[in-house]
Amino acid sequence: MRPPRRLRELALDTKGFMPPEEGDALWAAALEAGRACPGLAFMEVGAYCGRSTLWLAAAARECGTMLWSLDHHAGSEEQQPGWEWHDASLVDPATGRMDSLPTYLATLGRAGVRDVVVPIVARSRDVSSRWHSPLALVFIDGGHGVEPAREDWRGWGPWVARGGMLAIHDVFDDARDGGRTPHDEIYAPALASGDFREVRAVGSLRVLQRTS
Ligand code: MG
């Protein structure tokens, strides 16, 4: 099974770091999560320009649910000027600061998914600390510093409903392939909690299902 062709093509045409086969796996995981937890929404933590958002939106539409899509849009640490993942075209000339919100909203508009995607422009912890709803799927692709990753796991992990999925991006088993924080601060603690089992691994995407 493949995501709807048009949304997939638009996703592949959108700036971001989600390889096609990982995006397809994310879509499939969201579809399963939505079917396992009818009526519950999806949460995306770290949306950037909306690339992975489109795969999740396709699954949300299919399941008749909504996607909350959270990002402060000021760029994570590694996207600031002078850092490896900086993109100068996303700097607001008026402020000199990173702002991925205009590009993100343009992506949603172009794809026609505003009916299933609710953008939240905020810091992850400011929302998670006030959140009170179980979720079918939580996709964590946020800041890769130790603290942001730790806060994302602590703040969002508890809201994955039983049978639902926790998807994590940029999990590298070998430290030589990439940063260690999503692995050490999200993936490893989730497995160690005993509440999740791994159901899918594609590239650096890991999908864990809550079993208890
Ligand atoms: Mg990522």
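Just above sits the structure.
Throughout, a residue's number is its position along its own chain's written sequence, starting from 1. Only residues with pLDDT of at least 70 are given local features in this predicted model, and only at 80 or more are side-chain atom pairs given and counted; all residues enter the totals for whole chains, interfaces and linings. Each side-chain value is derived from all of the structure's non-hydrogen atoms; neither hydrogens nor water enter the calculation.

Enquirer: Summarise the overall build of the protein chain; cite the residues concerned and give the values.
Expert: Scanning the protein chain from terminus to terminus reveals seven helices and nine strands. Against the 2.2 N^0.38 benchmark of 17 Å for 212 residues, the protein chain shows a C-alpha radius of gyration of 16 Å, consistent with a compact globule. C-alpha atoms of the protein chain, sized along the principal axes, occupy 50 × 35 × 35 Å. When a residue's accessible area, from a 1.4 Å probe over protein chains only, is under 20% of the maximum for its type it is buried; when over 50% it is exposed; and in between it is partly exposed. For the protein chain, with 212 residues in total, the buried portion stands at 51%. Working rule for contacts: check all heavy atoms of both residues, and any pair within 4.5 Å makes them a contact. Pairs at least 24 apart in sequence give 72% of the contacts found in the protein chain among residues at least 6 apart. Only DSSP runs of H or I reaching four residues or more are called helices, and only runs of E reaching two or more are called strands; each is numbered from the N terminus. Every radius of gyration here is taken over C-alpha atoms, with the globule rule written as 2.2 Å times N^0.38, N being the number of residues.

Enquirer: Could you give an account of the side chain of H183, with specific residues and numbers?
Expert: Mapped onto the secondary structure, H183 falls in helix 7 (residues 181-192). Judged by its relative accessible area of 13%, H183 falls in the buried class. If sequence neighbours within four positions are ignored, H183 has contacts with V171, F172, D173, A188 and P189.

Enquirer: Run through the environment of E147, naming residues and quoting values.
Expert: Along the chain, E147 falls in helix 6 (residues 146-156). Remark: the alpha-carbon pair of E147 and T181, spanning 34 residues in sequence, is separated by 9.1 Å.

Enquirer: I'd like a rundown of the layout of surface pockets, residues and numbers included.
Expert: Grid points spaced at 1 Å over the protein atoms alone were grouped into cavities, where a 1.4 Å probe fits but cannot get out, and pockets, open sets with protein on both sides within 12 Å along at least five of seven lines, with lining residues defined by an atom within 4 Å of a point. Grid points are joined across faces, edges and corners, and a volume is the space filled by probe spheres set on the points. Roughly 960 Å³ of volume is contained in the largest pocket. Counting only elements with at least two residues in the lining of the largest pocket, the list comes to helix 3 (51-63), strand 2 (67-71), helix 5 (124-128), helix 6 and helix 7. Sort the elements by how many residues they give to the lining of the largest pocket and helix 6 lands first, with three residues. Any residue that is not Ala, Val, Leu, Ile, Met, Phe, Trp, Tyr, Cys, Pro, Asp, Glu, Lys or Arg is counted as polar, Gly included; the first ten are nonpolar and the last four charged. For the lining of the largest pocket, the residue count by class is 15 nonpolar, 18 polar and 13 charged.

Enquirer: Which residues make up the environment of D13, and what values do they have?
Expert: Along the chain, the position of D13 falls in the loop between helix 1 (5-12) and helix 2 (20-36). Owing to a relative accessible area of 55%, D13 belongs among the exposed residues under this scheme. Put simply, D13 and G46 are 33 residues apart on the chain and 18 Å apart in space, counted from C-alpha to C-alpha. Pairing of N or O atoms within 3.5 Å defines a polar contact, subject to two protein rules: one partner must be a possible hydrogen donor and the other a possible acceptor, and residues neighboring in sequence count only if both atoms are side-chain atoms. A distance of 3.5 Å separates the side chain of D13 from the side chain of R110, its partner in a polar contact.

Enquirer: Give a detailed account of the coordination of the magnesium ion, specifying residues and quantitative values.
Expert: Here the term donor refers to an N, O or S atom within 2.8 Å of the metal (or 3.2 Å for Na, K and Ca), and because water is left out of the atoms, sites may appear incomplete. Coordination sphere of the magnesium ion, protein contribution only: D141 (OD), H169 (ND1) and D170 (OD), at 2.2 to 2.4 Å. All donor residues of the magnesium ion come from one chain, and their arrangement in sequence is D-x27-H-D. Look at D170 and you get buried, because its relative accessible area is 15%.

Enquirer: How would you sum up the sheet that holds strand 9 (residues 205-210)? Please name residues and give values.
Expert: Spatial strand order, 5-2-1-6-7-9-8: seven strands in an open sheet with mixed pairing. Both edges of this open sheet fall to strand 5 (117-121) and strand 8 (196-202), since each of them pairs with a single strand only. Taking the axes of each pair of neighbouring strands and ignoring which way they run, one obtains an average angle of 15 degrees across the sheet. Any two strands with at least two DSSP-identified bridges between them are counted as paired. As defined by bridge partners, strand 1 (residues 42-45) adjoins strand 2 across four bridges and the pair is classed as parallel. Bridging across to strand 2, E44 finds its partner in S69. Only the stretch in contact is used when a helix axis is fitted, and all axes are lines through C-alpha atoms; the angle between N-to-C directions ranges over 0 to 180 degrees. Along the sheet face, helix 3 touches strand 1, strand 2, strand 5 and strand 6 (135-140) and points at about 175 degrees away from the line of strand 1.

Enquirer: Now, about the nonpolar core: what can you tell me, with residues and values included?
Expert: Across soluble globular proteins, you tend to see nonpolar side chains buried next to one another. Here, nonpolar core means buried Ala, Val, Leu, Ile, Met, Phe, Trp, Tyr and Cys residues that are tied together by side-chain atoms lying within 4.5 Å of each other. With 37 residues, the main nonpolar core has F42, V113, V117, L137 and F139 as its most contacted residues. Elements that contribute at least two residues to this core include exactly helix 1, helix 2, helix 3, helix 4 (101-111), strand 6, strand 7 (160-168) and strand 9. Considering each element in turn, this core owes the most residues, eight residues, to helix 2. One finds V127, W131, A149 and I168 within the second-largest nonpolar core, a separate group that totals 22 residues.

Such coordinate-based values are descriptive only and should not be taken to indicate function.
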